[in-house]
Amino acid sequence: MPIKDILTIVDMQGAQPAVKYALALAGHHDAHVTGLALAFEPLAPAFAATPMPIDYIQAAQEQAVAAAKEAQSQFDELARIAAVKCESRVTNLQTGGPIEPVLQHCRPTDLVVVGQNNPEAAEPLREMLIESVLFESGVPVLLVPYVGAPERPAKNVLIGWDGSPTASRAVHAALPLLADADKITIMVVEKNASTNGQPGADLATYLARHDLDVTINVVTNPQVGIADTLLNAVSEQGHDLIVMGGYGHSRMREFLFGGATREILASMTVPVLMAH
């Protein structure tokens, strides 16, 4: 399915790397892009010894909305310069409250683009937001490094493949992006040598039927973990996009990434497209 509708979460501060990447994607695919700015309203704790003053709550709410509208204005200006089909929205989100108001905007779209959390200028609830959108929206998520990424189609793509349903969904979601690539590498990381033919061969055949040029790289019994194996390949081979499944499970409404997924998101240096 072509990418015709993109939603991007607008950062509250900084150079807006995710917005810029989303706008470049929209321009290349003739897609519509929506910028969603979040107003993080304070949530008064029910266990507080004394009620929070109404004036304080109202002032905090007004400040949150003003900050979101400023971020919205940044998106509007970047979209004007990019000259793509677009719109911008503001949605209120209570700090510590449910993410559902954001998910309602994410579900009727083809792709959600979100910036990686910057540890030196952290966005409110960014990690929880990424996890919730990945696991609960039903839409693929493209994460953009906080240091930015070239605003052009990816030409050297790495697919992390283990044959799982989540990896399969990620590949299907990435097909419009893979069509622009000059080089696609399927990386299979195995603890032991396979005795059932060449790992990744079925996926390579499938992609070849989409007229894509694919190579397979099987790494057996690596000396480092899966995340480091993928990231080392990115560094050594010059990949500019990773496609992989996102793993995790829910526990008491709190989403927890699997180890490899969390490590990739913490240390990524190129955009990562994930699906769950």
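Residues numbered from 1 in each chain as written. Predicted model: local features only at pLDDT ≥ 70, side-chain atom pairs only at ≥ 80, totals over all residues. Heavy atoms only, no water.

Caption draft 1: Molecular detail of the pairing of strand β9 (residues 241-245). A large share of β9 lies buried, amounting to 5 of its 5 residues. Residues Leu241, Val243 and Gly245 of β9 are buried on one face, and the alternating residues Ile242 and Met244, pointing to the opposite face, are buried as well. As defined by bridge partners, strand β6 (residues 156-160) adjoins β9 across 3 bridges and the pair is classed as parallel. Of the residues in β9, the one forming a bridge with Leu158 is Ile242. Bridge analysis of β9 against strand β12 (residues 272-275) gives 4 bridges, and the strand direction is parallel. Following the sheet pairing, Ile242 is matched in β12 by Val272. (Buried < 20%, exposed > 50% of the residue type's maximum accessible area, 1.4 Å probe, protein only. Helix = DSSP H or I, 4+ residues; strand = E, 2+ residues; numbered from the N terminus. Pairing = 2+ DSSP bridges.)

Caption draft 2: A look at the pattern of salt bridges. Here the structure, examined in full by the defined rule, presents 9 salt bridges. The partner of Glu77 in a salt bridge is Arg80, with the nearest N and O atoms 2.6 Å apart. With Glu77 and Arg80 both in helix α2 (residues 54-82) and 3 residues apart, this pair spans about one turn of that helix. The exposure class of Glu77 is partly exposed, given its relative accessible area of 37%. (Salt bridge = Lys/Arg side-chain N within 4 Å of Asp/Glu carboxyl O.)

Caption draft 3: Representation of the packing of helix α5 (residues 165-178) against helix α6 (residues 201-208). Running from amino to carboxyl end, α5 crosses α6 at an angle of 45°, the nearest separation of the two axes being 12 Å. Taken together, the axes of α5 and α6 lie oblique to each other. The two elements α5 and α6 cross, and the hand of that crossing is right-handed. Where α5 approaches α6, its residues Val171, His172, Leu175 and Leu178 are matched on the opposing element by Leu203, Tyr206 and Leu207. In terms of residue class, the contact of α5 with α6 is built from 6 nonpolar, 1 polar and no charged. (Axes fitted to C-alpha atoms, helices over the stretch in contact; angles between N-to-C directions. Parallel < 35°, antiparallel > 145°, perpendicular 65-115°, else oblique. Left-handed = near helix turned anticlockwise from the far one by under 90°. Contact = heavy atoms within 4.5 Å. Nonpolar A, V, L, I, M, F, W, Y, C, P; charged D, E, K, R; others polar.)

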